[in-house]
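Fold and geometry: a report
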Amino acid sequence: MVIPSCSNSRCPCCSNFCLDDHLQSHHISSSTSTSCFDFALDDYLQSHHISSSTGTSCFDLVLDFLTELEKCDPFADLFLEYPKKQVRLLKTIFLYVKNCRRKGNHKALLEHDQEDTGNIMSESLRRNIICFSIQDVVVKMFHDLYSAYLLYKKIVSPNFGIIIGALTRSEGNIKMFLETDIKKSCAIIFFDCYSPEDPQLLMDLIESLSDSLEELLCEWRLWDTISCQLKLLRNLIGLATMQGFEHTQLANLSTYTAVMAGRLISVCRFGRHEIQVLDQINLLDLQVRETCIHVLTASKKQPRSSYALALKENEDLGVVQFIGSLHDYLYDLLESYASFQAQVKDQMLKLHRGIKYLSILLKQKEKLRDEIQDLIGVMVCDAGILIFSLSINEIKEGLPKETDLGLFHLHKVLKYLVAEDRIQRIEKDLEFLRHVLVNIKEQRYQNGKLQAFWSQVMEATYKAELLIDTTLVGDKCEDSLDVVARDINLLKIEALEIQNGQIQRVNKTSIHIPSQLIAAIHHEDLVGLDDKVKSIIDRLRSGSKQLDFVPIVGMPGLGKTTLAKKVYIADSVMSHFHVRCWCCVSQMYSMHSLLVQLLCSISSENPDKYLKKNENDLAENLRQVLLRRRYLLVLDDLWDVEAWNLLEKSLPNNANGSRILFTSRLQNLSSQFRPDSKSYHLCPLTDEESWTLLQKKLFFKEGCPPTLSEVGFQIAKTCRGLPLTVVLVGGILATTTQDRWEEVAKCLNFIVLDNKGCKKTLELSYSHLPDYLKPCLLYFAAFQEDEVINVRRLLWLWIAEGLVQQAKGKSLEESAYDYLMALISRSLVVVTKQRTMGGAKACQLHDLVHEYCVEKAKEESFVCVIHILKDSFSLAGLSNHYRVRAHNTGELKIWELMLIFPNLRSLLLSGLVGNYYLTEKEELGTLLPKLLRVLDLGRYNYVPMEVASLVHLRYLVLHGTRSIPSAIENLSRLETLIVEHPFDQIELPNTIWNLKRLSYLCTTDRTRGFIFPAENLEVSPNLVHLDTLNLTIIEPFSQSLQKILAKLPTIRRLKCSCKRSQPARRLTFATRSSKEILEFDCMRRLESLHLIELKGYEFKFPLNLKKLTFIFNYQPWSEISTIGKLPNLEVLKLRSESFVGEEWVMKEGEFPKLRFLELSWLSIRNWTATSDNFCHLEKLVVCNCLKLEEVPACLAECLTLEMIEVKWCRESVANSVRQIQQEQMDSGNEVLKIIIKNCHETNCSEAEEISSNCSEAEEICSEREFILSHYT
């Protein structure tokens, strides 16, 4: 007969089997023979009892047994809960007694041991007897319960009352034991001994004692107070332990807590209810509270990060438990004393609510940033100190001033934490909305509802950002945050409806910047235009002697500007025309800006030289430069004849073959210049030419894989012959996996079929950008059309605007540069100037790309660009913009901008002079929005003190200032400080050392840098983030230079110049009584170093230096060996008498990694080297070395050489370069390119005369100004 199994855990049969298995695991037989059981149990317990009196197995056995008994009856847990608490209490008392230590130091105990060993032994023996007694009580309890259990099993109809009877007897025995033995031993246990070294034992004792009292005293009104005080002490010990306090630091608190526990046990009637005795107990008397305050004060001095670390690693959440105990204690205090003054009670209630809020925050630890967790930890300590310092008399009579101030501070920080919590919730909601926007970014252009939703989210995001920053500067914006939170919540509801609707996200290729992006920067490719280039050059060089026009016209994107540039830089054009000048006209222009562009392109000088001149003076300057010279003037992107009419008066007709070359989208514009003028009309590329151009962009010289030829040709064909469209599509394909080219082809079939195909292609390029690149591209809208943009300035702006996320293992600037390279690789950004060893130094956008960015930025309310504007009210409705770039704003004043844009975060001004913006100095400071992050004051050369109140400022550009105010230290977030065109060296205040985030400290004039204060350097903090610096040092030098450099450990790029008390003069080593050494070798991260006008000094360089530039240093050639030994030097530029003497002999083994070498304006005659000196050289530039006879012939053996450029040197130098090129070609190197300009035979006496004349101080100054302005 098969007995069916039962799955009911409450079934007595099943529970018996389970219990038997459990006992078997403890080696105890469940035989029905009582005598056998007694023997087995006694034997087991006796062996355990004797072998390990410190063990707790008997307690664990009983607790497990009680847990198993719960399965015998559905209501068993009602009878078993209190016995469990009793056993736990006995267990914690047992562990506490075994590990406590007798009071008195070790030496005293040893002396006492010699006098009365018996007493000491009796002390130890008494504690052991207590432990044995506790174990015996527990063993007897188990014996009784197990006997009852066996009897329960024998009965046919199980009666749980048998076990209840045994439980009642055991409870009585334990109560009697506590009432007698434990009470009698309280003095030994708690008063005469220190608590154990492990605080957890004392904490467990307090917890079990509190649980037992709850059961015993459930009818007493004192239970809440006593339990609350016990838990508060227990959790304070837990908090301190969690923060790493040693046992000795908690000795007083532990002792007081143990004494309070002993006193409670000694007066408690475990078997009777007597309120009178307990009513006299106050666990938190004055002495205990003072001890608690001492522990909390010490806790605040712990390392701040310990709070966050503890919250992450501690599962018991000691901080949470302690703040909960504080909350309960304060609530009990408020309930006990109802007769508070109204004001005091209101303050206490606020404190109670604040502590409750802290406890809520702590339960969300995973959502809190480390710094917020640190702040909460300090707040917990402050709250504890404040509460423990309260006395009943203070509460009744009114709080003292110190307590009142403490409450005020606590409430203020709590408000910040409340705002922080709201901010985190807003940020979480915005993150959700961001994901929704990603899903609808394609569909919103075809759906008005989605477009409206997109705009609402963007507006809410900007508003939230504004209010968050306003809150962080201390303004009261809690209510406004609530309003924004509600608005965002409504948008979430709408977003959920959108997600649940029919709109689904279109999966696209996820584009990420590679970890090591290497984007090759190429010159613009020409396909199908070689004949046009030759034809235009021929027309420029021949024909009428009268001033003539050569128009290049065609639709946007055909390559008009590219073609004009190829012609402009052609060698035959450069040699034919005496003067060449170029300007970009575009739709927005002024006569002044056109004249400045033309003059700067002629002289290569800084625009600052011309900006302050009026139009008439500029026009006359241009006329004088062009008079009696054959010139070529290029007007790029001309839209009407008016620009020519403005310039015509400044252009002389010398009847010598001068030419005007212009590009325009307008086909009939040339007829307005001259009716018979022949235009060069650019036609679209053929399909084959488009495919050739696309392959050049994608594969360079490698060629297209055969598997992609068909789809690639189809894609090129859809570009309709527009080179710009081909280039943009190439950018898309470059970042798309090859298996997705078919999808790109399908998209192009739809968007390039209309006459707006190029802009649609731009839209496709934009949509394919990763989200983090889109705002970086739109930021170009803040610059003018055809403006050449300094790359580093652009990257620093991106960083300050928060557009860059730092990649792992890279700096923010490196990450930002990767962003730019990604845009360049997609052909959205064009490199206009390269750095010495590659990479982008300056960039710009194609005019069509710029137009698209301006339109998209306006649509997204990303940036508002203001050009010439007379009616400021026409900007009404644009107040939601947070970035403004104002170009030549004419009558528009700062106060008008501030009224129109009250919530500005970025303000970039540019124009002619400062008074075009401001009428009075005071106007700017009072109106600047205090939430500005980016501020470029343009040409306003006054620094208002109010700038120092812009605590959110990260990027600041000043103009022409001589000093920085000491209040600069208030800008604690400042990362970039630039001074354009300083009038002199700029003195920094002592407070500059407090700008811990400062990364870039630069001027636009490398000869005029920043002078650091040398006082109190020992106590000043280091600028540990400073990366780029223009430094000026004052002669005579002292040890202060080395001290200043030691405070700048992270510098990578340094330009160092000298401020002299005397006029510039030739100063060599011979003119100094002793050689001073300037030591830069302490700068372990330095990679690029410019040394300017540091005459007559020796140098020590760091071994990691990669780039070195000398200007006007007058070093003897013998000192260059110090540079030659640098193992990592790749770029060396020797300019303007940086080294003096006629002979340079390069020693063997020098310059092992040199890749670029420049010699300019040097008096060298003979230059000797070996091929070992050039084993890695790629480019050589020799300019204005009038005495040099030839370059080393061993350069012909340099296999890495790619280019040699020679300008304004002797013909013999040019001949030696041609010979090197021929030898290279004979060896099979056809890569080497040579550029030779303006080289002719110079009489040696003429060269010596020039050199002699340059020795005069006045001419040295003139030369220095010219050359330095050229190099700047």
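Residues numbered from 1 in each chain as written. Predicted model: local features only at pLDDT ≥ 70, side-chain atom pairs only at ≥ 80, totals over all residues. Heavy atoms only, no water.

Turning to the chain, the UniProt record has this under Sequence similarities (unreviewed entry): "Belongs to the disease resistance NB-LRR family." What UniProt states about the chain under its Subcellular location (unreviewed entry) heading is, verbatim, "Cytoplasm". (UniProt positions renumbered as here; feature names shortened; annotations may be inferred.)

A word on the sheet that holds strand S8 (residues 789-790)
Sheet architecture is open: three strands sit in the order S8-S10-S9, paired in antiparallel fashion. Looking at the sheet topology across the chains shown, the edges are occupied by S8 and strand S9 (830-834). The sheet contact formed by S8 and strand S10 (residues 840-844) spans two bridges and is antiparallel. When the sheet's bridge partners are listed, asparagine 790 is paired in S10 with alanine 842. (Pairing = 2+ DSSP bridges. Helix = DSSP H or I, 4+ residues; strand = E, 2+ residues; numbered from the N terminus.)

Focus on the packing of helix H36 (residues 791-800) against helix H37 (residues 812-825)
Helix-helix packing: each pair is described by the crossing angle between the helix axes and the interaxial distance. Relative orientation of the contacting elements H36 and H37 amounts to 110 degrees, with a least axis distance of 9 Å. Taken together, the axes of H36 and H37 lie roughly perpendicular to each other. Crossing geometry of H36 relative to H37 is assigned as right-handed. Across the interface between the two elements, Val791, Arg792, Leu794, Leu795, Trp796, Trp798 and Ile799 of H36 pack against Leu812, Glu813, Ala816, Tyr817, Tyr819, Leu820 and Leu823 of H37. Looking at side-chain class alone, the contact of H36 with H37 contains 12 nonpolar, no polar and two charged residues. (Axes fitted to C-alpha atoms, helices over the stretch in contact; angles between N-to-C directions. Parallel < 35°, antiparallel > 145°, perpendicular 65-115°, else oblique. Left-handed = near helix turned anticlockwise from the far one by under 90°. Contact = heavy atoms within 4.5 Å. Nonpolar A, V, L, I, M, F, W, Y, C, P; charged D, E, K, R; others polar.)

A closer look at the packing of helix H30 (residues 687-699) against helix H32 (residues 723-734)
Between H30 and H32, whose axes approach to 9 Å, the crossing angle comes to 40 degrees. The pairing of H30 with H32 is recorded here as oblique in orientation. H30 and H32 meet at a crossing whose hand is right-handed. Contact residues: Ser690, Leu693, Leu694, Lys697 and Leu698 in H30; Pro723, Val726, Val727, Gly730, Leu733 and Ala734 in H32.

Let's talk about the pairing of strand S12 (residues 883-887)
Among the five residues that make up S12, five are buried, leaving the element largely enclosed by the rest of the structure. Across the two faces of S12 the burial is the same, with Arg883, Arg885 and His887 and Val884 and Ala886 all buried. When strand S11 (residues 864-866) meets S12, the two strands line up parallel, connected through three bridges. By the bridge assignment for S12, valine 865 is matched with arginine 885. Direction of pairing for S12 relative to strand S13 (residues 906-910): parallel, over a ladder of five bridges. When the bridges of S13 are listed, valine 884 appears paired with leucine 907. (Buried < 20%, exposed > 50% of the residue type's maximum accessible area, 1.4 Å probe, protein only.)

Considering the nonpolar core
If you look at soluble globular proteins, the nonpolar side chains tend to sit buried side by side. Counting residues in each nonpolar core, the largest one holds 104 residues, and the members touching the most others are Phe1012, Leu1054, Ile1123, Trp1144 and Trp1167. With four residues, helix H43 (residues 1211-1226) is the single largest residue contributor to this core. Judged by nonpolar contacts, the second largest core, of 92 residues, contains Cys58, Leu89, Ile226 and Ile376. (Core = buried A, V, L, I, M, F, W, Y, C linked by side-chain atoms within 4.5 Å.)

Points about the pattern of salt bridges
Once the charged atoms of two side chains with opposite charge are near each other, the side chains can pair. Enumeration according to the criterion identifies 31 salt bridges in this entry. Here lysine 91 ties to aspartate 60 by a salt bridge, and the two come within 3.0 Å at their closest N and O atoms. With lysine 91 in helix H4 (residues 76-99) and aspartate 60 in helix H3 (residues 57-69), this residue pair connects regions lying 31 residues apart in the sequence. Given a relative accessible area of 29%, aspartate 60 falls into the partly exposed group. (Salt bridge = Lys/Arg side-chain N within 4 Å of Asp/Glu carboxyl O.)

A look at the sheet that holds strand S3 (residues 548-553)
Ordered in space as S4-S5-S6-S3-S7, the five strands form an open sheet in which the pairing is parallel. The open sheet has two free edges, formed respectively by strand S4 (579-584) and strand S7 (680-681), since each of these has just one partner strand. Inspection of the sheet shows S3 paired to strand S6 (residues 659-664) by six bridges, in the parallel sense. Each bridged residue has a counterpart across the sheet, and for aspartate 548 the counterpart in S6 is arginine 659.

Details of unusual backbone geometry
For arginine 628, which is not a glycine, the phi torsion comes out positive at approximately 65 degrees. Note that arginine 628 resides in the loop between helix H27 (615-626) and strand S5 (631-638). Its relative accessible area of 68% is what places arginine 628 among the exposed residues. Look at asparagine 1184: it is not a glycine, yet its phi comes out positive at around 55 degrees. Within the secondary structure, asparagine 1184 sits in the loop between strand S32 (1179-1183) and strand S33 (1203-1207).

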